[in-house]
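# Architecture and fold: a report
The primary structure of each chain is shown beneath.
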Amino acid sequence: MIDLRSDTVTRPTEAMLATMARAAVGDDVWGDDPSVRMLEMEVADRAGFAAAAFFPSATQSNLTALLVHCGRGDEYIAGQLSHIYHDEGGGGAVLGGIQPQPLSQDAQGRMGLEDIAAAIKDDDIHHARTRLICLENTFHGKVLPQDYINTVTGLAAERGLASHLDGARLFNASVATGKSLAELCAGFDSVTLCFSKGLGAPVGALLLGGERFISAARRWRKTLGGGMRQSGLLAAACQYALTHHVERLADDHRHARLLGEWLACVPGISVAEQATNMVYVNVPRPYCADLEAWLAERDILVAVRPRTRMVTHLDVGESDVRRVASEIGAWCAANT
Ligand SMILES: *Cc1c(COP(=O)(O)O)cnc(C)c1O
């Protein structure tokens, strides 16, 4: 099976499972799981933060960041298509009484600087209190320009707002640019990292921040049901991924680039964009269902849409993307 629907679909490798089986564990709600503590301390240090907390998912980590930065009647500014606003069930509003202020984004994923400045509310009883600006890197596979990040975090600081980075795929940005985790996290008050995307761990995310922020986050994590017990088993998988699966993200990026180049030669469809481990392809709507079914019959899983996303990862090799391109080419030659 070749599964290009997402980089979340990876299975733990034998070596990762062996590391998990050997992990030293304790009860993390009591603060005594050594594997969790080691992962938290090591990654916080590497990213330039004082502290970190291990979460079952990046969604819960992002939600916790909202709950710590904002209270009832506060608001956060985020991109209209950002994951934290668009793809997390409205958690901030559902559980925290926090109002989102979504703003439109350009093709690079940037909200307009003037739009952000205009969206920051004055201190007036008519308005929600603006507390937080959220960015996402990578956004739909694209690395946010560093000067833009610096300008936005600078603006937040100047206006007394906090800034949060949803860095679910920040390791892809790091490998693509050669910038360290610390460089990419600089200027933010908190950052979410995910280990179950391209890094290939089965479960796990980290929320990074200052000491006081992370203490408050641990309280919310417990409230949300994210306090886990012998979670060192999971942290060990993340630690393994950190050691063995970061540099290899360059392979995923190369495979996505090749897939993009090969699909660009297929008449009937067009490649809209390609960045890091993602390829976006325009497929005429009448083709979508047939092409998806035809690929599935050939053990290729792609969610075919008018704007189809294909994502490369640990379980996809060069011969796999070659086969996907040739099968799509064959279907298009016969049907378009
Ligand atoms: C996948 C994703 C998340 C959520 O991650 P889960 O661990 O699946 O909850 C958050 N933000 C971004 C940008 C993502 O791609």
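Bear in mind the structure is a predicted one, so any value in this text is a computation, not a measurement.

So, about the overall build of the chain. Within the chain one finds 14 helices and 12 strands. In summary, the chain has a C-alpha radius of gyration of 21 Å against a globular reference of 20 Å for 336 residues, a match within 12%. Taking the principal axes of the C-alpha coordinates as reference, the chain spans close to 60 × 50 × 35 Å. A sequence separation of at least 24 residues applies to 74% of the contacts in the chain between residues at least 6 apart. Of the roughly 14,500 Å² that the chain leaves accessible, carbon and sulfur atoms contribute 51%. When the 31 positive and 40 negative side-chain charges of the chain are each reduced to one mean point, those points stand 3 Å apart.

All right, on to the site of the ligand then. Around the ligand sit Ser57, Ala58, Thr59, Asn62, His83, Glu88, Glu136, Asp166, Ala168, Arg169, Cys194 and Lys197, and those are all the residues in its vicinity. Ala58 places a polar main-chain atom, nitrogen or oxygen, 2.9 Å from an oxygen atom of the ligand. Coverage of the ligand by the protein chains reaches 85% of its 380 Å² of free accessible surface. Among the cavities detected, the one that contains the ligand is the largest pocket. If you tally residues by element for the shell around the ligand, the top one is helix α3 (residues 58-69), at three residues.

Below, the discussion takes up the packing of helix α2 (residues 34-47) against helix α11 (residues 232-244). Taken N-terminus to C-terminus, the directions of α2 and α11 make an angle of 35°; their axes are 8 Å apart at the nearest point. Note that α2 runs across α11; the crossing there is left-handed. Residues Ser35, Val36, Met38, Leu39, Glu42, Val43 and Arg46 of α2 touch α11, and the partners they reach there are Gly232, Ala235, Cys238, Gln239 and Leu242.

One can read the domain layout of the chain as domain 1 (10-244) and domain 2 (248-335). With centres defined by C-alpha atoms, the gap from domain 1 to domain 2 works out at 30 Å. Each partner contributes residues to the interface: domain 1 has 17 residues there, and domain 2 has 14 residues. Where domain 1 abuts domain 2, roughly 1,300 Å² becomes buried across the two surfaces, and 61% of that area is made up of carbon and sulfur atoms. Across the domain 1-domain 2 interface, the total number found is one salt bridge. Residue Lys142 is joined to Glu273 by a salt bridge in which the shortest nitrogen-to-oxygen separation is 3.0 Å. When residues in the side of domain 1 that touches domain 2 are grouped by element, the largest group, four residues, is from helix α8 (residues 170-177). Looking at the side of domain 1 that touches domain 2 residue by residue, the classes come out as five nonpolar, nine polar and three charged.

Rules and cut-offs
- Residues numbered from 1 in each chain as written.
- Predicted model: local features only at pLDDT ≥ 70, side-chain atom pairs only at ≥ 80, totals over all residues.
- Heavy atoms only, no water.
- Helix = DSSP H or I, 4+ residues; strand = E, 2+ residues; numbered from the N terminus.
- Rg over C-alpha atoms; globule rule 2.2 N^0.38 Å.
- Contact = heavy atoms within 4.5 Å.
- Areas by Shrake-Rupley, 256 points an atom, 1.4 Å probe, with all protein chains shown as cover.
- Lys, Arg positive; Asp, Glu negative; His and termini not counted.
- Charge placed at Lys NZ, Arg CZ, Asp CG, Glu CD.
- Near = heavy atom within 4 Å.
- Polar contact = N/O pair within 3.5 Å; in protein donor to acceptor, adjacent residues only side chain to side chain.
- 1 Å grid on protein atoms, 1.4 Å probe; cavity = no way out; pocket = protein on both sides within 12 Å on 5 of 7 lines; lining within 4 Å.
- Sits in = over half its atoms within 2 Å of the grid points.
- Axes fitted to C-alpha atoms, helices over the stretch in contact; angles between N-to-C directions.
- Left-handed = near helix turned anticlockwise from the far one by under 90°.
- Domains from an automatic or database assignment.
- Buried area = accessible area lost by both parts, 1.4 Å probe.
- Salt bridge = Lys/Arg side-chain N within 4 Å of Asp/Glu carboxyl O.
- Nonpolar A, V, L, I, M, F, W, Y, C, P; charged D, E, K, R; others polar.

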